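Geometric and topological summary
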Amino acid sequence: QHRHSHDDIPPCSFNTAHTSPVVTYPLNTSSRSLLKSEEQPNYNSALASLAQSMQRTEQSRRHVMLQISRLTPDQRAALEEARHRQLQAIQTEALIPVQTPTSTR
């Protein structure tokens, strides 16, 4: 059975940079002194939440890249075409001024 690797994925499929595992570092003493003691638990909680979110994002990105690596050439072409149409729609929408009920000309 053929195993897929990142080498099987065309470079255009890599829209994000390769990332390494998330490493968290404790606050050094100079940073720690900038926070009030009552803010420290909130900061640590927010930092832990951010690290977890980054890990989930990385896992999701890896899953998507694995799914893309399993697509046939026709499926990849269809995906690229759909992305292109979506980008065109976004660009067109950005050029059309939004009419609001209160706007007058």
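The residue numbering used here restarts from 1 in each chain and proceeds along that chain's sequence as written. Where local features are concerned, this predicted model is filtered to residues with pLDDT of at least 70; where side-chain atom pairs are given and counted, the filter is 80 or more; whole-chain, interface and lining totals use all residues. Side-chain calculation: all heavy atoms of the structure are included, whereas hydrogens and water are not.

1. Some words on the overall build of the chain
- Summing up its helical and strand segments, the chain has three helices and zero strands in all.
- For the chain, the sequential pattern of α-helices and β-strands runs α-α-α.
- A buried classification covers 11% of the 105 residues belonging to the chain.
- Computed with a 1.4 Å probe, the accessible areas rest on the Shrake-Rupley method; for each residue, only the protein chains presented here act as cover. On the chain, roughly 9200 Å² of surface is accessible, and the fraction owed to carbon and sulfur atoms is 56%. Secondary structure elements follow DSSP: runs of H or I no shorter than four residues count as helices, runs of E no shorter than two count as strands, and numbering proceeds from the N terminus. Type-normalised accessible area, obtained with a 1.4 Å probe on protein chains alone, sets the label of each residue: buried when under 20%, exposed when over 50%, and partly exposed for intermediate values.

2. Remarks on the pattern of salt bridges
- Here, a salt bridge means any side-chain nitrogen of Lys or Arg that lies within 4 Å of a carboxyl oxygen of Asp or Glu. Scanning the entire structure with this criterion turns up four salt bridges.
- The partner of Arg 61 in a salt bridge is Glu 58, and the shortest N-O contact between them spans 3.1 Å. Within this pair, Arg 61 and its partner Glu 58 are both found in helix 2 (residues 40-69), separated by three residues, close to a single helical turn.
- On the basis of relative accessibility, which here comes to 16%, the residue Arg 61 falls in the buried class.
- Glu 81 is the salt-bridge partner of Arg 85, the closest N and O atoms lying 3.6 Å from each other. Here the residue Arg 85 and the residue Glu 81 both occupy positions in helix 3 (residues 73-95), the gap between them amounting to four residues, near one helical turn.
- The exposure class assigned to Glu 81 is partly exposed, which follows from its relative accessible area of 39%.
- Among the charged side chains, a salt-bridge network with shared partners connects Glu 58, Arg 61 and Arg 62.

3. Looking at the confidence of the model for the chain
- Residue-level confidence of the predictor is summarised by pLDDT, bounded by 0 at the bottom and 100 at the top. Residues of the chain with pLDDT of at least 70 account for 59%, and the chain-wide mean is 77.
- Looking over the chain, one finds the lowest element-wise mean pLDDT in helix 1 (residues 29-32), namely 55, and the highest in helix 2, namely 95.
- Two residues form a contact once any of their heavy atoms are found within 4.5 Å. Across residues 1-7, where pLDDT falls below 50, the model places five contacts with residues more than four positions away in sequence or in other chains.
- Contacts from residues 9-17, a stretch scored under 50 in pLDDT, to residues over four places away or in other chains number twelve contacts.

4. Let's talk about a nonpolar patch on the surface
- Put simply, a patch holds well-exposed residues, over 30% relative accessible area, that have no salt bridge, with like charges counted together within 9 Å and Val, Leu, Ile, Met, Phe, Trp or Tyr side chains within 5 Å. A cluster of nonpolar side chains, Tyr 43, Leu 47, Leu 50 and Met 54, forms an exposed patch at the surface whose accessible area comes to about 340 Å².
- Among the structural elements, Tyr 43 can be located in helix 2.

5. Observations concerning the side chain of Glu 58
- Glu 58 sits in the buried class, given a relative accessible area of 12%.
- In protein, a polar contact requires one atom able to donate a hydrogen and another able to accept it; more generally it is a pair of N or O atoms within 3.5 Å, and residues adjacent in sequence count only if both atoms are side-chain atoms. Side chain to side chain, Glu 58 and Arg 62 meet in a polar contact 2.7 Å long.

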